[in-house]
Amino acid sequence: MRNVALAVLLIVLWAAGCATSPQRAPLPPAITTTASVNAEQGPFQPDANLYLCPNSVITNAFEADPNNRILNFNPVIIVDGKVVMTPVPMNNACMTSGFGQRSGRVHKGLDVKASPGSTIYSAAPGIIREADFSTGFGNYVVIDHGQGVFTRYAHMASFASGVYAGKSIGFGQPLGIIGQSGNATGIHLHFEVLTGNYNTSKRSFGLTARDPLSFPPYGGAS
Ligand SMILES: [Zn+2]
């Protein structure tokens, strides 16, 4: 089963790497570590670049070029040498806020904005652990990628069909539509990379949030 999932991922990553669109990331030809999930790959291909949103107040500091393109952005990363994923699981999104201190609190994710109705995709293969609502996150999904690595997608307007806890999901499958449910001032995706042991009482709230932009490129130096 694991070999099948890896083979599917390899084929899709290879195909993505050969895509003609210059807007899409040159994905690596091989992948060695991922969740042991036999689930079909979705249609999503990560964008090669990430830009700061124009006219939005960025409260964290980011290095960007004069065109607002974030420097040293890696569209395909490897988390703790274990799980390959994209840190921006949407197309045509721009960044409104990063991980870290913001207004006296730690912002535990990456905020990106895209047009209303835009689709949010799974950042890596895994098993959906939570598809739920909380007052803070609104409609949110948590995916378990194996080896103690998880991702959270918050403030969705709605879930895609077939998104429920316990479901296996491949890379790049639709999770839902961008929105502003929960505690959100505007339409955006709040995306988290989480690590740790999943505890059935605290669930994803017991995990440690990590900066999605802090990880090395897959295939690069680590
Ligand atoms: Zn956020």
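What counts and what doesn't
Residues numbered from 1 in each chain as written. Predicted model: local features only at pLDDT ≥ 70, side-chain atom pairs only at ≥ 80, totals over all residues. Heavy atoms only, no water. Donors = N, O, S within 2.8 Å, 3.2 Å for Na, K, Ca; no water. Tetrahedral: all angles 85-135°; square planar, octahedral: opposite > 155°, others 65-115°. Helix = DSSP H or I, 4+ residues; strand = E, 2+ residues; numbered from the N terminus. Buried < 20%, exposed > 50% of the residue type's maximum accessible area, 1.4 Å probe, protein only. Pairing = 2+ DSSP bridges. 1 Å grid on protein atoms, 1.4 Å probe; cavity = no way out; pocket = protein on both sides within 12 Å on 5 of 7 lines; lining within 4 Å. Points joined across faces, edges and corners; volume = space filled by probe spheres on them. Nonpolar A, V, L, I, M, F, W, Y, C, P; charged D, E, K, R; others polar. Phe/Tyr/Trp six-rings, centres within 6.5 Å; stacked < 30°, edge-to-face > 60°. Lys NZ or Arg CZ within 6 Å of the ring centre and 35° of its normal.

A few words on the coordination of the zinc ion. Protein-derived coordination of the zinc ion comes from His107 (NE2), Asp111 (OD), Asp111 (OD) and His190 (ND1), at a distance range of 2.0 to 2.7 Å. Given four donor atoms and angles of 53 to 157 degrees at the metal, the environment of the zinc ion is assigned as irregular. Each donor residue of the zinc ion belongs to the same chain, and together they define the spacing H-x3-D-x78-H. Residue His107 is located in strand S6 (residues 105-107), and its partner His190 is located in strand S15 (residues 189-195); the two are separated by 83 residues in the primary sequence. Accessibility classification places His107 together with His190 in one group, the buried group.

Of all seven residues making up S15, seven are buried, and the element is well covered by its neighbours. A two-sided burial pattern is seen for S15, the buried positions comprising Leu189, Phe191, Val193 and Thr195 on one face and His190, Glu192 and Leu194 on the other. Here strand S7 (residues 110-113) runs beside S15; their pairing, made up of three bridges, is antiparallel. Paired with Asp111 across the two strands is His190, which belongs to S15.

Take the environment of Val76 next. In this structure, Val76 sits in the loop between strand S1 (51-52) and strand S2 (77-79). Since its relative accessible area comes to 11%, Val76 is described here as buried.

Looking now at the layout of surface pockets. The calculated volume of the largest pocket comes to roughly 900 Å³. Forming the boundary of the largest pocket are 31 residues, of which Arg102, His107, Asp111, Asn183 and His190 lie nearest the centre. For the lining of the largest pocket, the per-class residue count stands at nine nonpolar, 15 polar and seven charged.

Scanning the model with the defined rule gives seven aromatic pairs in all. Between Phe44 and Phe171, the aromatic rings sit 6.0 Å apart at their centres with planes inclined by 50 degrees, giving tilted as the arrangement. With a gap of 127 residues between them, Phe44 in the loop between helix H1 (2-17) and S1 and Phe171 in the loop between strand S13 (168-169) and strand S14 (174-177) connect regions that are remote in the sequence. In terms of burial, Phe44 and Phe171 fall into one category: buried. Put simply, the rings of Phe44, Tyr121 and Phe171 pair up and form one aromatic cluster. The ring of Phe205 has Arg152 sitting right over it, with the charged end atom 5.0 Å from the ring centre.

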